[in-house]
Amino acid sequence: LGGFIQGAKLGTMLNVFVSTVKQLKNSIIAITAIVAMATVMDVSGLIASLAQTMVDVTGGGYLFIAPVIGALGTFVTGSDTNSNVLFGKLQTMAAEKLHVDPVWLAAANTAGATGGKMISPQSIAIAVSATRMEGQGSAIMSGTLKYCGVYIIILGLKVGLVYYLFMA
């Protein structure tokens, strides 16, 4: 519709569409695979099993790793929103078991999800395709991984320490 409003011809718009799909074909494949994997994980009950196991293993220390769960969700799905949808149940279950305000863990999940965006294969695949840097995905990932790690560690400390020092 935007093309027609701007006066572009149908043939021109179709050519641009086809060349864009060709340029982003690797990204399209990667995104489809990641979304399919996330859906299977959710429907199979893997997410709920992970939540229960993590709370059982970490106990009260779970608060310190809650942002890691959000980052993992974004890493898997490529989306902060999808991370919150995918692991929202996990955080709610953990909060109930630990007698913690679920809003606190939801916020931790969302904060962690922003860190996961840095290293999301979906984001890296899109960046590589859009900038025509094929073959550079691993270099981008390794260069960004250390910053993501530091960010997530700081978030984990902040979530855990603030809760135990001021809210518990």
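Scope of this entry: the structure provided in the associated data block.

Reading the values: rules and limits
Starting afresh in each chain, residues are numbered from 1 along the sequence in its written order. Whole-chain, interface and lining totals are the exception, using all residues; otherwise, since this is a predicted model, local features are given only for residues with pLDDT of at least 70 and side-chain atom pairs are given and counted only at 80 or more. The side-chain values count all of the structure's non-hydrogen atoms but skip hydrogen atoms and water molecules. Side-chain rings of Phe, Tyr and Trp (the six-membered ring for Trp) are treated as a pair once their centres are within 6.5 Å; stacked means planes under 30 degrees apart, edge-to-face means over 60, and tilted covers the remaining angles. Secondary structure elements are defined from DSSP: runs of H or I of at least 4 residues count as helices, runs of E of at least 2 residues count as strands, and each element is numbered from the N terminus. Burial classes follow relative accessibility: with a 1.4 Å probe on protein chains only, a residue under 20% of its type's maximum area counts as buried, one over 50% as exposed, and anything between as partly exposed. Each patch is assembled from residues with relative accessible area greater than 30% and no salt bridge, linking like charges that lie within 9 Å and nonpolar side chains (Val, Leu, Ile, Met, Phe, Trp, Tyr) that lie within 5 Å. Using a 1.4 Å probe, the Shrake-Rupley method yields the accessible areas, and only the shown protein chains count as cover for residues. Whenever a carboxyl oxygen of Asp or Glu lies within 4 Å of a side-chain nitrogen of Lys or Arg, that contact is scored as a salt bridge. Identification of polar contacts relies on pairs of N or O atoms within 3.5 Å, with a donor-acceptor requirement for protein atoms, meaning one able to donate a hydrogen and the other able to accept it, and with residues adjacent in sequence counted only if both atoms are side-chain atoms.

## Quick notes on the packing of aromatic side chains
Working definition: an aromatic ring pair is given by the centre-to-centre distance plus the angle between the planes.
Piece 1. Tallying each qualifying case throughout the model produces two aromatic pairs.
Piece 2. Plain terms: the ring middles of F64 and Y164 are 6.1 Å apart, the flat faces sit at 25° to each other, and that makes the pair stacked. With F64 in helix α5 (residues 62-77) and Y164 in helix α9 (residues 137-167), this residue pair connects regions lying 100 residues apart in the sequence.
Piece 3. Note on Y164: relative accessible area 39%, which makes it partly exposed.

## Concerning a nonpolar patch on the surface
Piece 1. Taken together, the side chains of I153, L157, L161, L165, F166 and M167 present a nonpolar region at the surface, about 650 Å² in accessible area.
Piece 2. Checked against the element boundaries, M167 lands in helix α9.

## Thoughts on the side chain of T77
Piece 1. Considering the arrangement of structural elements, one finds T77 in helix α5.
Piece 2. Here G73 takes part through its backbone oxygen, which lies 2.8 Å from a polar atom of the side chain of T77.
Piece 3. Of the polar contacts made by the side chain of T77, one reaches the backbone oxygen of S79; its length is 3.2 Å.

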